[in-house]
There are 2 protein chains.
Amino acid sequence: MTGAHGKRELQRQLERVLAGAEELLGEEELRARLAEALAGGAPLRVKLGVDPSTPDLHLGHTVVLHKLRVFQELGHVPIFLIGDFTARIGDPSGRKKTRPALDPDAVRRNAETYLEQVAAILDVERAEVRFNSEWMNELPAEEFVRLCSHYTVARILERDDFQQRYAAGEPISVHEFLYPFVQAYDSVVLRADLELGGTDQRFNLLMAREIQRAYGQAPQAVLLHPLLVGTDGREKMSKSLGNAIGIHEPPEEVYGKTMRLSDETMLGYFDLLQVASWEDLRPARAELGRGGGDPFVFKQELARRLVERFHGERAAERAAAHFRRVVREGGTPDDLPEREVPLGSDGEIGLLELLERLGLVESRSEARRLVAQGAVQIDGERVSDPTRRLGPGVHLLRAGRRRFARARLRPGGPSP
Amino acid sequence: MTGAHGKRELQRQLERVLAGAEELLGEEELRARLAEALAGGAPLRVKLGVDPSTPDLHLGHTVVLHKLRVFQELGHVPIFLIGDFTARIGDPSGRKKTRPALDPDAVRRNAETYLEQVAAILDVERAEVRFNSEWMNELPAEEFVRLCSHYTVARILERDDFQQRYAAGEPISVHEFLYPFVQAYDSVVLRADLELGGTDQRFNLLMAREIQRAYGQAPQAVLLHPLLVGTDGREKMSKSLGNAIGIHEPPEEVYGKTMRLSDETMLGYFDLLQVASWEDLRPARAELGRGGGDPFVFKQELARRLVERFHGERAAERAAAHFRRVVREGGTPDDLPEREVPLGSDGEIGLLELLERLGLVESRSEARRLVAQGAVQIDGERVSDPTRRLGPGVHLLRAGRRRFARARLRPGGPSP
């Protein structure tokens, strides 16, 4: 590659790589390695580690996953590291409490579903997929101890979350101190040139630079991305906080949850999730930023594209139609199948039992709560009596805003 | 064993075991286990761990070694644990700085000499001698991490030395936090009923009680002994501080160093080192405590008994005679053999070279320093000129207070 062309290409790659990122540490190292790669040297080894501590990935994870995809498109080596060993420790980063350790079976199951979900974004076949149990299960205790000699207690306690917990007198178990060492050692084993992460991983990823130096390696560059807030618009997106949009969720859920975001939160999602592929929407985005445009129309477009990203174009169209019908117009899904429910020996069935049988509620107590909230309808009429009983006939049941069922109630015994 | 007899025997064992100790933690556990053992149950498993970080044991180590011997005499199981794994970490207990880790070869050599030296006190053949590398080398990283989950950072930082270093802003490497966990895990593996140690080990030995509980074991009792001060009468005895009396040292050294102790330090030594075997001297000790008696006579007796303990009775007599002659009376050893030294081609030899050849000094620079200090004599006369040369003849050379040689200087070339 010639000098001028090489420089342009370097600049182009840097721009794509830095889009949407909040902070780059080790820019000199990154420029040097990129130039080397463009001059025919080895491509960059780009690490993204995830902890398989929950079974599902959500939109928050996809921010850095898309960035990893960008590196893959640029010809570098994407390393998707599944921290199956680390998940068994539990990462306390950014948490106020010790995260419980997971058993190995749960970790393995989670890791499997992760890969299926990641395949929607990353070309997994051409990526380096690794599990850190591969080397951590073999690490002698002596080497572990030596690893831990390369960093001081005082500096680890400087990490925001540790500092706050220590100052507040909240217990920090010593094993939590070991987590960032394992994460750093992963970078040593993988010989990472760059690591991707959220801004809450700043400390750990920087520490890895020093541990790499201690092991005689050039330190990795660190590329940090803002954290996606949850659907509540306040906390970091997290399944355990109940504010997540999972990428495995049905198209209707993804669409509906997106539509219920506040306008401000919605624009933040667009900014973080666009990742160089929704250029056409940027003018509309800019107009909204200036107080113009129609946020509702834009939100519909964002919801449609998110569903399309994970489920394809047809699912996106269906989800949009579903949303219009059910949520906006207060109508019912027109393709609702009729379901048979046998009545009791007295020729009737209680409402709460019926809602449960139809799967519209998780439990009778949820059914009772929805009735009390006035959120249950029979044939379009609100029900206020939880002891209401129904006889034979066809009824349209509704629980909450979007759960419907058409039930044919018939006298007991199996149907002929 | 019948009730009344059992109670008397329990009391007798407790008294022997507690003699000279400073603190017993877990007295209830100890009484219960002793009673169980006396009733025909398993004997107590009594752990004493040492770090083979220096090649030689000194008197400071013998305080707890003798106590281990007492347990052995009472029919219990003495466990002499050589912390060969831990020595490779380096124990920072009571230190102001991180102790350097040792290489495995040095650790193995030290462990070998330890056992030879311990045999002077403990019946090693009937003791359980263990190395913690046996289980630590096999410990999976995951189990190590789990081990470290059983104690908090804040509580480890409460340990005096860590607290002081942390407050003073002196670096503490994270691997130093792992040391007490390994020591505690040793107690788990060894199923220790009691652990012996110096008062500086209080924190670690107590922590082992909690770790044992976490592993579902009854916690060990902890029996702490005062630390022996060094010959300087101030600091804890330690080879690296140059204030130690090594139990491997020649009888004359042990005797002479003991005689040079201050009277107060000497009495402290007696109290800690008597260990139920020097009862006959206690009245004299008590008289000295009241300001009466002759400290010098008592000191001679202590010196003699210390040499006897490690080298036998005859060595003790010789060391006493040597001390009287050389140190007190300023005389020369009367059994000094004559040694031949060939002169140079000019029929002479330089004084510094001669002192070195005779092994009276470690180096010419030491020889030069001793001459400058007026500490070198030829035939009883002090020499002040380091360039002094000697011709043929027989001379008595003296360097320092106690190094003598009789040399026959003869013209060059091998003797016929």
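Since the model is a prediction, treat every value here as computed from it, not as a measurement.

(A) How the structure looks around the overall build of chain A. Along the backbone of chain A there are 18 helices and 13 strands. Taking the principal axes of its C-alpha atoms as reference, chain A extends roughly 80 × 50 × 45 Å. In chain A, which comprises 416 residues, the proportion classed as buried is 50%. When the accessible area of chain A is evaluated, it comes to approximately 19100 Å², of which 48% is carbon and sulfur surface. Of the charged side chains in chain A, 59 are positive and 64 negative; the average position of the first set lies 2 Å away from that of the second.

(B) Focus on the interface of chain A and chain B. Tallying the contact residues gives 26 residues for chain A and 26 residues for chain B. In total, chain A and chain B occlude about 2400 Å² of area from one another, counting both sides; carbon and sulfur atoms represent 76% of this. It is V145(A), V153(A) and V174(A) that lose the most area in chain A upon contact with chain B, and together they represent 25% of the buried surface on that side. Linking chain A with chain B are ten residue pairs in polar contact (both at pLDDT 80 or more), by the criterion used here. At the level of secondary structure, the elements contributing two or more residues to the side of chain A that touches chain B comprise α4 (84-89), α7 (141-148), α8 (153-157) and α10 (174-190) of chain A. Tallied by class, the residues present in the side of chain A that touches chain B amount to 20 nonpolar, four polar and two charged.

(C) Seen up close, the sheet that holds strand β2 (residues 45-50) of chain B. Residue and element names in this part refer to chain B. Spatial ordering of the open sheet is given by β1-β6-β5-β2-β3-β4, a layout of six strands whose pairing is mixed. Here the strands that pair on one side only, and so sit at the sheet edges, are β1 (23-25) and β4 (128-131). Neighbouring strand axes in the sheet, compared pairwise and without regard to direction, differ in orientation by 20 degrees on average. For strand β3 (residues 77-82) and β4, the ladder comprises four bridges, and the chain directions are parallel. Counted as the bridge partner of I79 is E128 from β4. Across the sheet, helix α3 (residues 59-73) is in contact with β2, β3, β5 (194-198) and β6 (221-225); its angle to β5 comes to roughly 155 degrees. Strands β2, β3, β4 and β5 of the sheet are contacted by helix α10 (residues 174-190), whose axis makes an angle of about 150 degrees with β2.

(D) Expanded view of helix α2 (residues 27-38) of chain B. Residues and elements named next belong to chain B. Between its first and last C-alpha, α2 extends 16 Å over twelve residues, near the 16 Å set by a 1.5 Å rise per residue. Those residues of α2 that sit buried are L30, R33, L34, A37 and L38. Each buried residue of α2 lies within a common arc of 135 degrees when the element is viewed along its axis, so the set occupies one face. Buried residues along α2 sit in contact with α1 (3-18), β1, β5 and β6.

(E) The arrangement of helix α18 (residues 364-372) of chain B in detail. Residues and elements named next belong to chain B. Every buried residue of α18 is listed here: E366, A367, L370 and V371. All buried residues of α18 lie within an arc of 140 degrees about the axis, which places them on one face of the element. In this fold, the buried residues of α18 make contact with α17 (351-357), β9 (376-378), β12 (393-399) and β13 (403-410). Among the residues trailing α18, G374 stands out with phi positive, at a value near 70 degrees.

(F) Seen up close, the relation of the copies chain A and chain B. The transform that puts chain A on chain B rotates by 179 degrees and translates by 0.1 Å along the axis, for an RMSD of 0.3 Å. On the angle and the small slide along the axis, the relation comes out as a two-fold axis. Taking the C-alpha atom as reference, chain A places A141(A) closest to the rotation axis, 3.0 Å from it. Here 100% of the contact residues of chain A are again contact residues in chain B; the copies associate through an equivalent surface.

(G) The pattern of salt bridges, seen in detail. Residue and element names in this part refer to chain A. With the rule as written, the count across this model stands at 69 salt bridges over all chains. Between R304 and E317 there is a salt bridge whose closest N-O contact spans 3.8 Å. Here E317 lies in helix α16 (residues 313-328) and R304 lies in helix α15 (residues 295-311), a separation of 13 residues in the sequence. Since its relative accessible area comes to 41%, E317 is described here as partly exposed. Each member of the salt-bridge network shares a partner with another, and the members are D280, E301, R304, R305, E308 and E317.

(H) Looking closely at the confidence of the model for chain A. All names here are of chain A. Summarising the model, chain A shows a mean pLDDT of 87, and 92% of its residues fall at 70 or more. This model gives residues 91-96 a pLDDT under 50, and the stretch forms 23 contacts once residues within four places in sequence are excluded. As a predicted assembly, this complex carries a pTM of 0.73 together with an ipTM value of 0.71.

(I) Layout of the side chain of R398(B). Residues and elements named next belong to chain B. Tracing the sequence through the fold places R398 in strand β12. Residue R398 is classed as buried on the basis of its relative accessible area of 16%. Reaching out from R398, the side chain makes a polar contact with the backbone oxygen of G400 at a distance of 3.3 Å.

(J) Molecular detail of the sheet that holds strand β3 (residues 77-82) of chain A. All names here are of chain A. Sheet architecture is open: six strands sit in the order β1-β6-β5-β2-β3-β4, paired in mixed fashion. On the outer flanks of this sheet lie β1 (23-25) and β4 (128-131), each paired with one strand and no other. Looking at each pair of strands side by side, their axes are set apart by 20 degrees on average, direction ignored. In this sheet, β3 lies alongside strand β2 (residues 45-50) in parallel orientation, the contact comprising six bridges. What sits directly across from K47, in β3, is I79.

(K) Looking closely at the packing of aromatic side chains. Inspection of the entire model under this criterion finds 14 aromatic pairs over all chains. Their ring planes at 25 degrees and their centres at 6.0 Å tell us that F270(A) and W278(A) sit as a pair that is stacked. As far as the burial class goes, F270(A) and W278(A) line up, both buried. Ring plane angle 70 degrees and centroid distance 5.2 Å describe the contact between F270(B) and F298(B), whose orientation is recorded as edge-to-face. With F270(B) in helix α13 (residues 263-273) and F298(B) in helix α15 (residues 295-311), the pair connects residues that are 28 residues apart, well separated along the chain. Summarising the burial analysis for this pair, F270(B) and F298(B) share the class buried. Aromatic rings pair up to connect F162(A), F177(A), F162(B) and F177(B) into one cluster.

(L) The arrangement of the nonpolar core in detail. L59(B), F80(B), L196(B) and Y269(B) are the most contacted members of the largest nonpolar core, which has 63 residues in total. Looking at this core, the element that brings in the most residues is α3(B), giving seven residues. L44(A), L74(A), A127(A) and L302(A) belong to the second-largest nonpolar core, a separate cluster that totals 62 residues.

(M) Spotlight on unusual backbone geometry. A positive phi is found at R191(A), a non-glycine position, where the angle reads about 50 degrees. Among the secondary structure elements, R191(A) is positioned in the loop between α10 and β5 (194-198).

(N) Representation of the packing of helix α12 (residues 251-259) of chain A against α15(A). Residue and element names in this part refer to chain A. Relative to each other, α12 and α15 sit at 150 degrees, their axes nearing to 9 Å. When the interaxial angle is binned, α12 and α15 end up roughly antiparallel. Seen from above, α12 lies across α15 with right-handed handedness. Of α15, the residues touching α12 (which contributes P251, V254, Y255, T258 and M259) are F296, K299, Q300, L302, A303, R304, L306, V307 and H311. In terms of residue class, the contact of α12 with α15 is made up of nine nonpolar, three polar and two charged.

(O) Main features of the environment of L25(A). Residues and elements named next belong to chain A. Here L25 lies in strand β1. Expressed as a C-alpha distance, the spacing of L25 and G391, which sit 366 residues apart in the sequence, is 69 Å. Sequence-distant contacts of L25, that is, excluding residues within four places in its chain, are made with R202, L206, R209, A221, V222 and L224.

(P) How the structure looks around the packing of helix α7 (residues 141-148) of chain B against α10(B). Residues and elements named next belong to chain B. Put simply, α7 and α10 touch, their axes get as near as 10 Å, and they point 100 degrees apart. As far as their axial angle goes, α10 and α7 are roughly perpendicular. Here E143, F144, L147 and C148 of α7 come into contact with α10, specifically with L178, F181, V182 and Y185. Per-class residue counts for the contact of α7 with α10 are seven nonpolar, no polar and one charged.

Conventions used here
Residues numbered from 1 in each chain as written. Chains lettered and ligands numbered in written order. Predicted model: local features only at pLDDT ≥ 70, side-chain atom pairs only at ≥ 80, totals over all residues. Heavy atoms only, no water. Helix = DSSP H or I, 4+ residues; strand = E, 2+ residues; numbered from the N terminus. Buried < 20%, exposed > 50% of the residue type's maximum accessible area, 1.4 Å probe, protein only. Areas by Shrake-Rupley, 256 points an atom, 1.4 Å probe, with all protein chains shown as cover. Lys, Arg positive; Asp, Glu negative; His and termini not counted. Charge placed at Lys NZ, Arg CZ, Asp CG, Glu CD. Contact = heavy atoms within 4.5 Å. Buried area = accessible area lost by both parts, 1.4 Å probe. Polar contact = N/O pair within 3.5 Å; in protein donor to acceptor, adjacent residues only side chain to side chain. Nonpolar A, V, L, I, M, F, W, Y, C, P; charged D, E, K, R; others polar. Pairing = 2+ DSSP bridges. Axes fitted to C-alpha atoms, helices over the stretch in contact; angles between N-to-C directions. Expected span 1.5 Å × (residues − 1). Arc of directions from axis to C-beta. Least-squares fit on C-alpha atoms with pLDDT ≥ 70 in both. Salt bridge = Lys/Arg side-chain N within 4 Å of Asp/Glu carboxyl O. pLDDT = per-residue confidence, 0-100. Phe/Tyr/Trp six-rings, centres within 6.5 Å; stacked < 30°, edge-to-face > 60°. Core = buried A, V, L, I, M, F, W, Y, C linked by side-chain atoms within 4.5 Å. Parallel < 35°, antiparallel > 145°, perpendicular 65-115°, else oblique. Left-handed = near helix turned anticlockwise from the far one by under 90°.

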